[in-house]
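# Architecture and fold: a report
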Amino acid sequence: MTTNKLFHLLFLLLTISAFSQQDETAEKVTLPTKAPVTEKKVKKENKIETLKTVNIQGKSRKQKIETTGFAVNVIETKEASLRNLTTNELLDRSVGVRVRQNGGLGSNVEYNLNGMSGSTIGIFLDGIEVSTFGSSFNLNNIPPAMIERIEVYKGILTSHLTGDYVGGAINVVLKKDVSQNNATAAVSYGSFNTFQSDLSATFRDKKTGISFRGSGFYTYTDNSYKTWGRSTTYVNEGQEIIRPYRAKRFNNDYESIGGRFEVGFTDTKWADQFFIGYNGSSNYTEIPHGITMAVPYVGRFNETESHALLLNYTKRDFLLKNLALNINAVRSNRSTYIQDTVGLAYNWDGKVRTRPVLIPVLDANGEEQYKTNDKGEQELITETIHIPLNTLQGGQQGPKTITNTDRKITNARSNLGYMITHGHRISLNHKYESTDRKDEDLLKPGTRDLATKSIVSKHIISMNYEAETFNRKVRTNILGKYTHNRSDQTRYEIVSSEGENSIVKKDSTRTDYNFGYGATVSYNIIPNFFIIGTMENSYIMPTENQLFGSPDINILPNLTLDPEKNINYNLGFRYGALDFGKHKISFYANAFWRNGFNKITQQVVDATDPDFKEEDADIQTTRYVNLGKTQARGFEAEIIYIYNNRLNASLNFSKFNNVFKQETDNNGEAHSFFGQQIPNEPFFTANANCQYRFNDVFQKKSILNAYYTMGYVGEYYIVWGQPDWSLTPNQFVHDLGASYRFPSKKLVASIDIKNLFNAEVYDNFQIQKPGRGIYFKLNYTFSKFL
């Protein structure tokens, strides 16, 4: 029986009950979602017993995804969209996820999933890499109100996300429901002059199936929070470094605007969904410092802009029954402009650094003046003046810079799936990605034809076989994939010889290919109890940013990077939700073992030197390098408790050891860092979340939700050798919040207090994050506006 017929029948039964002439007590009938439904009438003294209550048992979308056999968690955003929370903050509270951010809102972000980070982790927006849309449209900016759910995979990925990744992926699924014509708007304001707003709308014509969905956002912040930890330094006139130094961050403004608009058809004979759309965004980001906070910057900033055309097509029973086709493609033009032309050195008090200079005092005739000292000797009369201190090369970070980087990106993914027989499905996937990049030096007019040009292209072909056996208790997924990667670069150098300059063209080409495979299994031993295991053996290729650098986020190029190989295992279980009347409880646990070879990791330039000293910590750039062999072993767990559908509490933690395992280098010499934890990587995190709902507060039919969150990050070192100065201390952060839904159900007001006790919070390379902040937000829903 189809779903529509099922609900029509249920509606009929309830209607009969409502109009029954006799109100007799009826027995309660529980129906599984796929059970046949029949109308049941029981005669008793010539009266009709009516069916009053129908319960439908079935799995939510979240439960279905989390029990497919993959190591995956699903984050739902319905409640979070009403609060002043960013998508990254939601992720940071999830089990096994650590969001690494270089400061406040809008700063560069890197994601860590149980010891895997960088290019090993895929960040997707509806199955397409979010980098395709540019840095101005990323998880920093996309508000939870635009998101349906977030899927966090650890280890092997599903067929629709198959790509050049081995550590897992974060897939943000945007809202797509166009069954109702409505619009929502939200606006918030809070500490550090932070303003955020978003707007979304959906429309569908029932007769033709024509549908529209659109959303947009605007964000601005000064990021003017205070820092007081040891990361902030002050250099006095004697060039002595004072640490720690309390300061207010400056040159840290961030502004972003973006929108996404799609129009197409839904639920037609020729397409389940067909949408074409446009995704545009831009931002302005002031850069307050380099990779560390040792030296503040003034006048260094970047501007980015992105324009993307979208295509999405899905169809079940494509050409023949049980054959499904899904095509998702994006073509984008991205540009990044960076400027750094201020040649003065600054301190964290916002003033120009100076050095004292003694100069002679001159008389009216311009002659030097002398005085007699206590010994009767003539002594030159001098005075002290303070001369501004210039940077070494004319810019805040090296030579003066005005550059523009243009990228043309094509990203297309197609998936063809066929249900062979009940419980057995095979799918063929192809992913093509190409980045055409041009770096232009705008300080050298007339050299446009000499701009550096780089191209990275990638083809990935994969095949999946999925099966449900033993009465659907065992679910397996077997994956094989082939990757072909090609990179080309053309650059020009000016070479001086015998007093004459000449231009030399240098071309470099590299081609790599490899095979990978993996498998997952989920065994439903008893009701609500699943054992889940995965394994993967695969390579990942260096990305465009890793190979060619990214000056806007202080990353230098490294064209010698090799592919990284990973062999990963996961074994865990999921139990629940166990229903004890008003009490519901669920458990999740997962053990993992990751083995990396030629691991690609981001390191401070020259920080691998065994003689690295504290005074060298002011280095302001990084590059990606091949580290060698690493091994991460750990465990993560989560418990969720729900009481009477009003109290929702959870506790999760992740603990692992990610160590360098290569005993000798290529010359056979012993590595001094063998057995050390990978630096600049937190390896013990925990989160506690609690939410309670109060009904009819102040007004009938109103809802008040109160929230409390605690986050913990254990201490870790930021450089090799583990010197004392590089130890980031234990961090405890407490957040409070509340949202109030008015009886109309259209208006919601919320308040959030972040970092309640103003704790010192650090991230990448001991960059201090914001202290206490208070934020207010209003949400309003316009329903049935057409």
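Quick notes on the rules
- Residues numbered from 1 in each chain as written.
- Predicted model: local features only at pLDDT ≥ 70, side-chain atom pairs only at ≥ 80, totals over all residues.
- Heavy atoms only, no water.
- Helix = DSSP H or I, 4+ residues; strand = E, 2+ residues; numbered from the N terminus.
- Buried < 20%, exposed > 50% of the residue type's maximum accessible area, 1.4 Å probe, protein only.
- Areas by Shrake-Rupley, 256 points an atom, 1.4 Å probe, with all protein chains shown as cover.
- Salt bridge = Lys/Arg side-chain N within 4 Å of Asp/Glu carboxyl O.
- Pairing = 2+ DSSP bridges.
- Lys, Arg positive; Asp, Glu negative; His and termini not counted.
- Polar contact = N/O pair within 3.5 Å; in protein donor to acceptor, adjacent residues only side chain to side chain.
- Contact = heavy atoms within 4.5 Å.
- Phe/Tyr/Trp six-rings, centres within 6.5 Å; stacked < 30°, edge-to-face > 60°.
- Lys NZ or Arg CZ within 6 Å of the ring centre and 35° of its normal.
- Core = buried A, V, L, I, M, F, W, Y, C linked by side-chain atoms within 4.5 Å.
- pLDDT = per-residue confidence, 0-100.
- Patch = residues over 30% accessible without salt bridge, like charges linked within 9 Å, V, L, I, M, F, W, Y side chains within 5 Å.

## So, the overall build of the chain
If you tally the helices and strands in the chain, you get 4 helices and 49 strands. The buried share among the 786 residues of the chain stands at 49%. Of the roughly 38,000 Å² of accessible surface on the chain, 55% is carried by carbon and sulfur atoms.

## Brief notes about the pattern of salt bridges
A complete count under the given rule lists 28 salt bridges for this structure. Ionic pairing is found between Asp763 and Arg98, a salt bridge with its closest N-O pair at 3.9 Å. Of this pair, Asp763 sits in the loop between β48 (747–754) and β49 (773–783) while Arg98 is found in strand β6 (residues 97–101), placing the two residues 665 residues apart along the sequence. Connected through shared salt-bridge partners, Asp92, Arg98, Arg100, Asp763 and Lys769 make up one network.

## Some thoughts on the sheet that holds strand β36 (residues 555–556)
In space, the 3 strands of this open sheet follow the order β36-β40-β39, with mixed pairing throughout. Pairing within the sheet leaves two strands with one partner each, and these edge strands are β36 and β39 (600–604). Inspection of the sheet shows β39 paired to strand β40 (residues 622–626) by 5 bridges, in the antiparallel sense. The partner of Gln602 across the bridge, within β40, is Tyr624.

## A closer look at the side chain of Glu681
Note that Glu681 resides in the loop between β42 (647–660) and β43 (684–695). It turns out Glu681 is buried and unbridged, and the closest side chain with the opposite charge, Lys599, is 5.2 Å from it. In this structure the side chain of Glu681 is engaged in a polar contact, spanning 2.8 Å, whose partner is the side chain of Asn658. Those residues in contact with Glu681 that sit more than four places away from it in its chain are Arg100, Asn112, Gly115, Ser117, Phe656, Asn658, Tyr716 and Tyr717.

## Details of the sheet that holds strand β10 (residues 128–129)
An order of β5-β11-β12-β9-β10 is seen for the 5 strands of this open sheet, with the pairing classed as mixed. Each edge of the sheet is formed by a strand with only one pairing partner; in this case those strands are β5 (72–76) and β10. Here strand β9 (residues 121–125) pairs with β10 via 2 bridges, running antiparallel. Residue pairing in the sheet places Phe124 in a bridge with Glu129 of β10.

## Observations concerning the packing of aromatic side chains
Any aromatic ring pair is given by two values, namely how distant the centres are and how the planes are angled relative to each other. By the definition in use, this model includes 27 aromatic pairs. One aromatic cluster in this structure is built from Phe265, Trp270, Phe274 and Tyr313. Taking the ring centre of Phe275 as reference, the NZ or CZ of Arg213 above it sits at 3.7 Å. In this structure, Lys754 packs its charged tip against the face of Tyr775, placed 4.8 Å from the ring centre.

## Quick notes on the environment of Lys458
Assignment of secondary structure puts Lys458 in strand β32 (residues 452–469). In the structure, Lys458 is positioned 25 residues away from Thr483 in sequence and 7.2 Å away in space, judged by C-alpha atoms. Setting aside residues no more than four positions away along its own chain, Lys458 makes contact with Asp164, Lys431, Tyr432, Glu433, Thr483, His484 and Asn485. A polar atom in the side chain of Lys458 sits 3.2 Å from the side chain of Asp164.

## Points about the nonpolar core
Among the nonpolar cores identified, the biggest contains 30 residues, and Leu91 and Ile170 are the most heavily contacted of them. For this core, the secondary-structure elements that each account for two or more residues are β6, β7 (109–113), β9, β11 (147–154), β12 (168–174) and β22 (301–315). Every residue in contact with Leu91, bar those within four places of it in the chain, is listed here: Ile75, Val97, Val99, Tyr111, Leu139, Ile150, Val152 and Ile170. The next biggest cluster of nonpolar side chains, apart from the first, holds 12 residues, and it includes Ile65, Val74, Phe124 and Tyr153.

## A look at the environment of Pro770
Along the polypeptide, Pro770 turns up in the loop between β48 and β49. Along the backbone, Pro770 and Asn758 are 12 residues apart, and their C-alpha atoms lie at a distance of 8.4 Å. What Pro770 contacts, discounting residues up to four positions off in sequence, is Gly103, Gly104, Phe192, Tyr225 and Asn755.

## Overview of the pairing of β49
Strand direction decides the pairing type here: strand β13 (residues 182–190) and β49, joined by 9 bridges, are antiparallel. Paired with Val187 across the bridge in β49 is Leu778. Pairing between β48 and β49: 8 bridges, direction antiparallel. Bridge pairing links Ser750 to Lys777 in β49.

## Overview of unusual backbone geometry
Put simply, Arg243 and Pro244 share a cis peptide bond, and its omega is 0°. Put simply, Gly576 and Ala577 share a cis peptide bond, and its omega is 10°. Tracing the chain through its elements places Ala577 in strand β37 (residues 564–580). With a phi close to 70°, Asn528 is a non-glycine residue in the positive phi region. Locating Asn528 in the fold gives a position in the loop between β34 (500–526) and β35 (529–540).

## Comments concerning the pairing of β9
Counting buried positions along β9 yields 5 of 5 residues, so the element is predominantly enclosed. Neither face of β9 is open: one carries Ile121, Ile123 and Leu125, the other Gly122 and Phe124, and all of them are buried. Here β9 runs beside β12; their pairing, made up of 5 bridges, is parallel. If you follow Leu125 over to β12, its bridge partner there is Val172. Joining the antiparallel neighbours β9 and β10 is a turn of 2 residues, in which Asp126 adopts a positive phi near 55°.

## Quick notes on the confidence of the model for the chain
Per-residue confidence for the chain gives a mean pLDDT of 84; residues scoring 70 or more make up 89%. Below a pLDDT of 50 lies the segment residues 607–619, which in the model reaches 27 contacts outside its immediate sequence neighbourhood of four places, other chains included.

## With respect to the environment of Asn501
Position of Asn501 relative to the elements: it lies in strand β34. Taking the relative accessible area as the measure of exposure, Asn501 reaches 58% and is therefore exposed. Each residue touching Asn501, except ones within four places of it in the same chain, is listed here: Ile494, Val495 and Ser496.

## Considering a nonpolar patch on the surface
Together, Tyr523, Ile525, Ile526, Ile531, Leu571, Phe573, Phe587, Ile639 and Leu651 line one region of the surface with nonpolar side chains, adding up to about 720 Å² of accessible area. Elements supplying a minimum of two residues to the nonpolar patch: β34 and β37. Ranked by the residues each element gives to the nonpolar patch, the list is headed by β34, at 3 residues. Among the secondary structure elements, Ile525 is positioned in strand β34.

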